[in-house]
Amino acid sequence: MGDTEDGSSEAAQSAPSETESSRTGFFGRIVGALSPSDTVNEPPQNAPAVANGVSPFVTPGMMNLRRMRVEDVMVPKAEIVSAPLDIEKDELVALFRESGLTRLPVFDGTLDTPIGLVHLKDLALNYGFNGNAGVKIPVFALRKLLRPLLYAPPSMPIGVLLQKMQTERIHMALVIDEYGGVDGLVTIEDLIEQVLGEIEDEHDLEEGALWIEEKPGCYLAEAKTPLDEFEAEIGFGLHGEDIDDEEVDTLGGLVFVLSGHVPARGEVIAHPAGPEIEVVDADPRRIKRLRVRIPAKRDD
């Protein structure tokens, strides 16, 4: 009949064994599934021209693993929060607190000479918590806490870097230019978000909340917060004479108009009427979260 021994052996050879599948890992199987031999890239007849190298018929999400490059998602060098090797413990704790990050690249001299990364968990387990009464805390030595970093060229597909991160269990990579200098930084979360969308963590606002009042006159808000709703909350008008009501309808849009560019994380934009707006979270393409400080009303 049609079921020949050749057909059976061929099917057996093409199917990966259970052991091989488990070794490959989840992200490895994703990248493998999107290899050129398994993906149909030819657009339909009479299809529109490809724009920016990306066909309109490519489905968003998983295909980004192949069509996007590391340089498309990296945090630029100017926005990297990093620590020098000779930093004091209290200064490092303050840097973690102010940035809200859990991993920081460490450099010796300049950022172009990185030597590893420091994880907040390692710092806390070795030198923190202040709860080990009677236990002698060792002298602070940052070099002993360092973990390895990955290095990637800007042109590497993000799927390749994601698989490398999973294989080597290193969740941060520095992007290196042709001269060996640091060009940017990428984390595993940055890569996964290109497939699954933005990932909210435990420090983000509660689901459905657009802002919270951290203390009187200080608000943590999503960039997508409607400007008119936020003005009603704070009892303060943010639309100025130089701002077109039809041009701006969100807090993020207001910040963009005031600054004239997509501001970097940590940048503070002064509103002409007095409030200060700090960029808490942003990437090279968009603003995510803001901290708005409203000046106290003075009794004249």
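Keep in mind that this is a model prediction, so the values were computed, not measured.

The rules behind each value
- Residues numbered from 1 in each chain as written.
- Predicted model: local features only at pLDDT ≥ 70, side-chain atom pairs only at ≥ 80, totals over all residues.
- Heavy atoms only, no water.
- Helix = DSSP H or I, 4+ residues; strand = E, 2+ residues; numbered from the N terminus.
- Buried < 20%, exposed > 50% of the residue type's maximum accessible area, 1.4 Å probe, protein only.
- Pairing = 2+ DSSP bridges.
- Salt bridge = Lys/Arg side-chain N within 4 Å of Asp/Glu carboxyl O.
- Axes fitted to C-alpha atoms, helices over the stretch in contact; angles between N-to-C directions.
- Parallel < 35°, antiparallel > 145°, perpendicular 65-115°, else oblique.
- Left-handed = near helix turned anticlockwise from the far one by under 90°.
- Contact = heavy atoms within 4.5 Å.

Caption draft 1: Spotlight on the environment of Lys288. Residue position: Lys288 is located in strand 12 (residues 287-293). Look at Lys288 and you get buried, because its relative accessible area is 11%.

Caption draft 2: Spatial organisation of the pairing of strand 8 (residues 211-215). In this sheet, strand 9 (residues 218-222) lies alongside strand 8 in antiparallel orientation, the contact comprising 4 bridges. Bridged to Lys215 within strand 9 is Cys218. Linking strand 8 back to strand 9 in an antiparallel pair, the connection comprises 2 residues, with Gly217 at a positive phi of about 80 degrees.

Caption draft 3: Structural view of the pattern of salt bridges. For the coordinates displayed, the defined rule picks out 7 salt bridges. With a closest N to O distance of 2.9 Å, Glu168 and Lys164 form a salt bridge. Residue Glu168 and its partner Lys164 are both found in helix 8 (residues 158-168); the two are separated by 4 residues, about one turn of the helix. By relative accessible area, Glu168 is classed as partly exposed at 38%. Among the ionic contacts, a cluster of salt bridges with common partners joins Glu214, Glu278, Arg291 and Arg293.

Caption draft 4: Examining the packing of helix 6 (residues 89-99) against helix 7 (residues 120-127) more closely. Closest axis-to-axis distance for the helix 6/helix 7 pair is 11 Å, and the angle between their directions is 140 degrees. Relative to helix 7, the element helix 6 lies oblique. Helix 6 and helix 7 meet at a crossing whose hand is left-handed. In this structure, helix 6 contributes Lys89, Leu92, Val93 and Phe96 to the contact, and helix 7 contributes Leu120, Leu123 and Tyr127.

Caption draft 5: Geometry of the sheet that holds strand 4 (residues 114-119). Strand order in this open sheet of 3 strands is 2-3-4, and the pairing throughout is mixed. Since the sheet does not close on itself, it has two edges, and those belong to strand 2 (83-84) and strand 4, each with one partner. Bridge count for strand 3 (residues 103-107) against strand 4 is 5 bridges, and the pairing is antiparallel. In the strand pairing of strand 4, Arg103 is matched with His119. Sitting on the sheet, helix 6 touches strand 2, strand 3 and strand 4, and the angle it makes with strand 3 is about 135 degrees.

Caption draft 6: Inspection of the pairing of strand 11 (residues 276-282) at higher detail. Most of strand 11 sits out of view: 5 of its 7 residues are buried. Of the strand pairs in this sheet, strand 10 (residues 268-270) and strand 11 are connected by 3 bridges, and their pairing is antiparallel. Its bridge partner lying in strand 11, Ala270 is registered against Glu276. Counted along the chain from strand 10 to the antiparallel partner strand 11, the turn is 5 residues long, and its residue Gly274 has a positive phi close to 125 degrees. With 6 bridges joining them, strand 11 and strand 12 adopt antiparallel strand pairing. The residue of strand 12 that forms the bridge with Asp281 is Arg289.

Caption draft 7: Region of the structure containing the sheet that holds strand 11. In space, the 5 strands of this open sheet follow the order 8-9-12-11-10, with antiparallel pairing throughout. The sheet is open, and its two edges are formed by strand 8 and strand 10, each paired on a single side. On average, adjacent strands in this sheet sit at an angle of 25 degrees to one another, irrespective of strand direction. Each of strand 9, strand 10, strand 11 and strand 12 is contacted by helix 11 (residues 251-259), which is oriented at about 80 degrees to strand 12, the strand it contacts most.

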